[in-house]
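Below, each chain spelled out in residue letters.
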Amino acid sequence: MKRQNQSSVVEFILLGFSDFPELQGQLFGVFLVVYLVTLMGNAIIIVVISLEQSLHVPMYLFLLNLSVVDVSFSAVIMPEMLVVLATEKTSISFVSCFAQMYFVLFFGGTECFLLGAMAYDRFAAICCPLSYPVIMNKKVFMKLVIFSWVSGIMVATMQTSWVFSFPFCGPNEINHLFCETPPVLELACADTFMFEIYAFTGTILIIMVPFLLILLSYTRILFAILKMPLTTGRQKAFSTCASHLTSVTLFYGTASMTYLQPKSGYSPETKKLMSLAYTLLTPLLNPLIYSLRNSEMKRALVKLWRRKVDLHTLWLC
Ligand SMILES: *[C@@H]1O[C@H](CO)[C@@H](O)[C@H](O)[C@H]1NC(C)=O
């Protein structure tokens, strides 16, 4: 009897921004545009890199993987978030909520490691150009890619099954935009102390360590750029580096504040805004700052466009 009582929750209610009903409609419009631009930007990168043989080198293959992760990450969160914004109170089944939590952790974790691997790749290419082909050979590249994906799966499996094992006896209202660990954990009616220790350690390994490696890589890259003669596009290299650093800091900073102490005392609204930074902004900005500013990418894009136009004329004749 007691046990049945303990797991009585069969669905959760996502509240969204229901404290600010007048805001919800406007946010719906903004988020819909963000979602469509994210899908389009990343789809362009996936198509261009897949079709253009000359881009089949580690740097672009990493970007291809990153775009696949970003599209999937958005697809797991955004459609459901739009529903939450469009309705007053959205119910989500217990199982859907945990499925969403699983994929958020899977793609989010993979993104953490991929961004780390990409910074290492750039560091090796810029700081050790002569030995770069050896440092980043096909085998090392594949290992880094596989490691990123497998780590994402492991993080998601471990964390979701642990949270899933807690009893949920009500209330069932999640004051958040989608199901992720910290807001769901608040509803668990059990002692979550051990889990919080795990979350703290896990976040340091999954977020802080890759972030520190990225900062280290970029510091070395910045020094290399400063040593370059003024004429060789120093300013462009500098601004590329700065934009990568900004987006990386935003992603890792907000994610670590959220996951380091899942039950920390930030207000629900602050937590929502921090989640939006890594779930909405990062997948939107990545294609813009990593690829579409890049001259090789632009050339490949123009080439593909021309080919398409050629096909058109052929068709018309
Ligand atoms: C990631 O990149 C590797 C190497 O090119 C590729 O084989 C793999 O299919 C990519 N994964 C995804 C999901 O795009």
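What counts, and at which threshold
- Residues numbered from 1 in each chain as written.
- Predicted model: local features only at pLDDT ≥ 70, side-chain atom pairs only at ≥ 80, totals over all residues.
- Heavy atoms only, no water.
- UniProt positions renumbered as here; feature names shortened; annotations may be inferred.
- Near = heavy atom within 4 Å.
- Areas by Shrake-Rupley, 256 points an atom, 1.4 Å probe, with all protein chains shown as cover.
- Helix = DSSP H or I, 4+ residues; strand = E, 2+ residues; numbered from the N terminus.
- Nonpolar A, V, L, I, M, F, W, Y, C, P; charged D, E, K, R; others polar.
- Buried < 20%, exposed > 50% of the residue type's maximum accessible area, 1.4 Å probe, protein only.
- Pairing = 2+ DSSP bridges.

- If you look the chain up in an unreviewed UniProt entry, it shows as Olfactory receptor from Vicugna pacos.
- On record in UniProt, under Sequence similarities (unreviewed entry), the comment for the chain is "Belongs to the G-protein coupled receptor 1 family."
- The Subcellular location (unreviewed entry) comment attached to the chain in UniProt states, word for word, "Cell membrane".

1. Digging into the site of the ligand
Here's step 1: Around the ligand, the neighbouring residues are L61, N65, V68, F141, M142, V145 and W149.
Here's step 2: Summarising the interface, the protein chains cover 61% of the accessible area of the ligand, which totals 360 Å² for the free molecule.
Here's step 3: Of all the secondary structure elements, the ones that give two or more residues to the shell around the ligand are α3 (58–86) and α6 (138–164).
Here's step 4: The residue makeup of the shell around the ligand, split by class, is 6 nonpolar, 1 polar and no charged.

2. Describing the pairing of strand β2 (residues 90–93)
Here's step 1: Residues of β2 alternate between two faces, with T90 and I92 buried on one and S91 and S93 left unburied on the opposite face.
Here's step 2: Pairing geometry for strand β1 (residues 11–14) and β2, over 4 bridges, is antiparallel. Paired with F12 across the strands is I92, a residue of β2.

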